[in-house]
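Chain residues, written in single-letter form:
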Amino acid sequence: MSETSACTKIFTSTVFTPAEILTTFSSTSARSGCFVLRYWMMKPEANFKKWLIEGLPNGWHGQTIETTTGRGVPDLNLCGSADGKTVEWWLELKAAHNRPFLRPEQFAWMMRRSAVGGKVAVVHRQKDGRWALHLPVRWATQPNSGRYVEVVSQPFAFGHSVEQLTATLLHL
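Residues numbered from 1 in each chain as written. Predicted model: local features only at pLDDT ≥ 70, side-chain atom pairs only at ≥ 80, totals over all residues. Heavy atoms only, no water.

S.K.: Explanation requested: the environment of P57 in the structure shown.
M.R.: The residue P57 is located in the loop between α4 (44-54) and β1 (60-64) in this model. For P57, the contacting residues outside a window of four places in its chain are V162, E163 and T166. (Helix = DSSP H or I, 4+ residues; strand = E, 2+ residues; numbered from the N terminus. Contact = heavy atoms within 4.5 Å.)

The following block contains the structure:
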């Protein structure tokens, strides 16, 4: 890969796999490589959120949530429709390679919203690049050192693309 194509790939907001980043970094000069390194240094959850928002199909709207007034509010609100059906979901995004962890406030918010009919889920990006969807009705949790709640149940669904995720959310 040339320096130009490596930089173009970065500035067009393409989401890299770890292997692509390492390959691109090792095959570019130090000058262009610093851009790749900076991209790699981005927080994994921010990268995952960006990938999800930018990949939403037509008929879907996503809003990232960054709040200092409410504790535990999930990272992303999605609303979408197809075939005459509209759904709204609150998603907590995690870039966990194993099982995701939630802060107690996140867990409590999601349980309260779910109890009144709101659709909530944890979506985490796994080491192999797939996403895994965890629904609260299937959550088995356990406290972890009193600071976090670990989601230990098996995911409801897996996939590789944003289209697969939105199709799954639409039919739940």
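S.K.: Whenever I open this one, the sheet that holds strand β6 (residues 131-134) confuses me. Can you help?
M.R.: Two strands in a sheet stick together by hydrogen bonds in their backbones, pointing the same way (parallel) or opposite ways (antiparallel). Taken in spatial order, the six strands line up as β1-β2-β3-β5-β6-β9 in an open sheet, and their pairing is mixed. In this open sheet, the two edge strands, each paired with only one partner strand, are β1 and β9 (157-159). The mean inter-strand angle of the sheet, taken between neighbouring strand axes irrespective of direction, is 25°. Pairing of β6 with β9, which is carried by three bridges, proceeds in the antiparallel orientation. Bridge pairing in β9 links A132 to F158. Here α4 sits on the sheet in contact with β1, β2 (76-82), β3 (85-94), β5 (120-125) and β6, set at roughly 160° to β3. (Pairing = 2+ DSSP bridges. Axes fitted to C-alpha atoms, helices over the stretch in contact; angles between N-to-C directions.)

S.K.: So what exactly am I meant to see when it comes to the nonpolar core here?
M.R.: Soluble globular proteins tend to pack their nonpolar side chains together in the buried interior. Residues L52, L91, V123, W131, L133 and L169 are the most contacted members of the largest nonpolar core, which totals 21 residues. Contributions of two or more residues to this core are made by α4, β2, β3, β5, β6 and α6 (162-170). Beyond its immediate chain neighbours, meaning those up to four positions away, L91 contacts P74, D75, L76, L78, A121, V123 and L169. Residues W90, L102, V120 and V122 belong to the second largest nonpolar core, which totals eight residues. (Core = buried A, V, L, I, M, F, W, Y, C linked by side-chain atoms within 4.5 Å. Buried < 20%, exposed > 50% of the residue type's maximum accessible area, 1.4 Å probe, protein only.)

S.K.: Sorry, what's going on with the environment of A132 here?
M.R.: Relative to the elements of secondary structure, A132 occurs in strand β6. Remark: the alpha-carbon pair of A132 and A157, spanning 25 residues in sequence, is separated by 5.8 Å. The residues contacting A132, other than those within four sequence positions of it, are V122, V123, H124, Q126, P155, A157 and F158.

S.K.: Can you walk me through α6 in this structure?
M.R.: Since the α-helix turns once every 3.6 residues, residues separated by three or four places project in the same direction. Buried within α6 we find V162, L165, T166, L169 and L170. Seen from one end, α6 has its buried residues packed into an arc of 135°, which puts them on one side. Against α4, β1, β2, β3, β5 and β6 lie the buried residues of α6. (Arc of directions from axis to C-beta.)

S.K.: Sorry, what's going on with the pattern of salt bridges here?
M.R.: Under the criterion given, the structure shown has five salt bridges. Across the pair E105 and R103 runs a salt bridge whose closest N-O atoms are separated by 3.7 Å. Judged by relative accessible area, R103 falls into the partly exposed class, the value being 36%. Among the ionic pairs, R130 bridges to D128, the shortest N-O distance being 2.9 Å. Residue R130 is classed as partly exposed on the basis of its relative accessible area of 26%. A relative accessible area of 47% places D128 in the partly exposed class. (Salt bridge = Lys/Arg side-chain N within 4 Å of Asp/Glu carboxyl O.)

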